[in-house]
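Chain by chain, the residues run as shown.
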Amino acid sequence: MDCGSHQSGEKRKVSEGFIRRNKIVLLGDSITQMSFSAALSGWGAHLADIYQRRCDVFNRGMSGYNTDWYLRYLETDQGRYDVFDSMTVNGGVNDDGVSDVKLVTIFFGANDASCSKLNPRHHVSIPQFKKNLQKLVSLCRKHYGRKVRIILITPPPVHHDSRLKYQIERYGNKATGKLERTLDLSSEYAAAVEAVATDFLLPCLNVWQLMQDTMPGEGEKWSEYLSDGLHLSSEGNIFLGESLKEMVHEVYPEIAVTACPHTGYTGNSSSKGGLALGSERGVGPWHDQIDHLQAEKSFEATSGTSCPKKRSL
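Fair warning: this is a prediction, and the values are worked out from it, not measured in the lab. (Residues numbered from 1 in each chain as written. Predicted model: local features only at pLDDT ≥ 70, side-chain atom pairs only at ≥ 80, totals over all residues. Heavy atoms only, no water.)

The set of residues buried in helix α2 (residues 43–50) consists of Trp43, Gly44, His46, Leu47 and Ile50. The buried residues of α2 all sit within an arc of 155° when viewed along its axis, so they share a single face. In the core, the buried residues of α2 are packed alongside β1 (22–28), α1 (30–33), β2 (55–61), β3 (101–107), α9 (234–251) and β6 (257–258). (Buried < 20%, exposed > 50% of the residue type's maximum accessible area, 1.4 Å probe, protein only. Helix = DSSP H or I, 4+ residues; strand = E, 2+ residues; numbered from the N terminus. Arc of directions from axis to C-beta. Contact = heavy atoms within 4.5 Å.)

Right, let's get into the pairing of β1. Judged by how many residues are buried, β1 sits mostly within the fold: 7 of 7 residues are covered. The alternating pattern of β1 places Asn22, Ile24, Leu26 and Gly28 and Lys23, Val25 and Leu27 on opposite faces, both of which are buried. By the bridge criterion, 7 bridges tie β1 to β2 in an arrangement that is parallel. Bridged to Gly28 within β2 is Gly61. Here β1 pairs with β3 via 6 bridges, running parallel. When the sheet's bridge partners are listed, Leu26 is paired in β3 with Thr105. (Pairing = 2+ DSSP bridges.)

Here the focus is unusual backbone geometry. Look at Arg53: it is not a glycine, yet its phi comes out positive at around 65°. By the element assignment, Arg53 lies in the loop between α2 and β2. Using a relative accessible area of 25% as the deciding quantity, one classes Arg53 as partly exposed. At Leu201, a residue that is not glycine, the phi angle is positive and equals roughly 60°. Following the sequence through the fold, Leu201 ends up in the loop between α7 (183–199) and β5 (204–205). Under the relative-accessibility criterion, Leu201 is labelled exposed at 77%.

This part takes up the confidence of the model for the chain. Averaged over every residue, the pLDDT of the chain is 89; residues scoring 70 or more account for 90%. Under a pLDDT of 50 for its full length, residues 1–15 has, in the predicted model, 9 contacts with residues more than four places off or in other chains. Within the model, the stretch residues 303–310 combines pLDDT values under 50 with 12 contacts to residues more than four positions away or in other chains. (pLDDT = per-residue confidence, 0-100.)

What follows concerns the packing of aromatic side chains. This model, assessed by the stated rule, comprises 8 aromatic pairs. By way of ring pairs, the aromatic residues Tyr65, Trp69, Tyr70, Tyr73 and Phe108 are connected into one cluster. (Phe/Tyr/Trp six-rings, centres within 6.5 Å; stacked < 30°, edge-to-face > 60°.)

This part takes up the sheet that holds β5. The 5 strands lie next to each other as β2-β1-β3-β4-β5, forming an open sheet whose pairing is parallel. Edge strands, defined here as strands with exactly one partner in the open sheet, are β2 and β5. With respect to the sheet, helix α4 (residues 77–88) is in contact with β1, β2 and β3, its orientation differing from that of β2 by roughly 160°. Docked against the sheet, α7 engages β4 (149–153) and β5, running at close to 160° with respect to β4. (Axes fitted to C-alpha atoms, helices over the stretch in contact; angles between N-to-C directions.)

The structure is reproduced here in structure tokens:
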């Protein structure tokens, strides 16, 4: 390949010589869809803050979906493009099984774990739930590359009193007083997520257990992590975002971002990205790296005049 020339009139292709923004993709139900909520300090927004100028975070959560419905969506042309093809349209997947998608979170179970009698509409049996998770993992490896990093997340615990209170606030006199989602059911589905993660040798963030372990004792203080006994509150979102950050540093340090030692901020020139992100500094020179008297020299590294480099794992 001639790195220094382009044919006249030819549509310019995206070159591997440029640092493309890496991608993080979040798959899940409403707890993922709501993860960009500013009002709730969303955990997806938390990740986007950590990875600014290094990775774009794509929210593909679908409120109210169970794993059956999500897989149905992926079988449609729109769903396949939305979740898979649009993420690799520029760079594709190379021969080493690597793409621009550096991390995927798979976060289901809150709806699947509904009681089969009280909410058959959302209920998915545990054997089928496990098969669905296995298929989601396989599809991610197929479309994002076989070496894509994946973290499975369990459903959170369910707080009974908060769910009953939510019922009354939402439905008034029509509230049934019966729980279609329970702590015991969510426990079983959390165990199912862990089992699938073990089968695939993948890390699993067991928020069902972590939330309760962090606030043990009487009074079920862990309910503060939940806004309505099921979905995450601001405290819960921050907890999940921080827990994910810690897990990435532990199991995938090559894509972790180390904060500035002086400010604790991940969006300045003293922060460092892992080697697999393609560039320790991120995209473009930081403002304090630009010589205003010779600004052009500060941007030479991003001019595209160098030969393409092999995409980082």
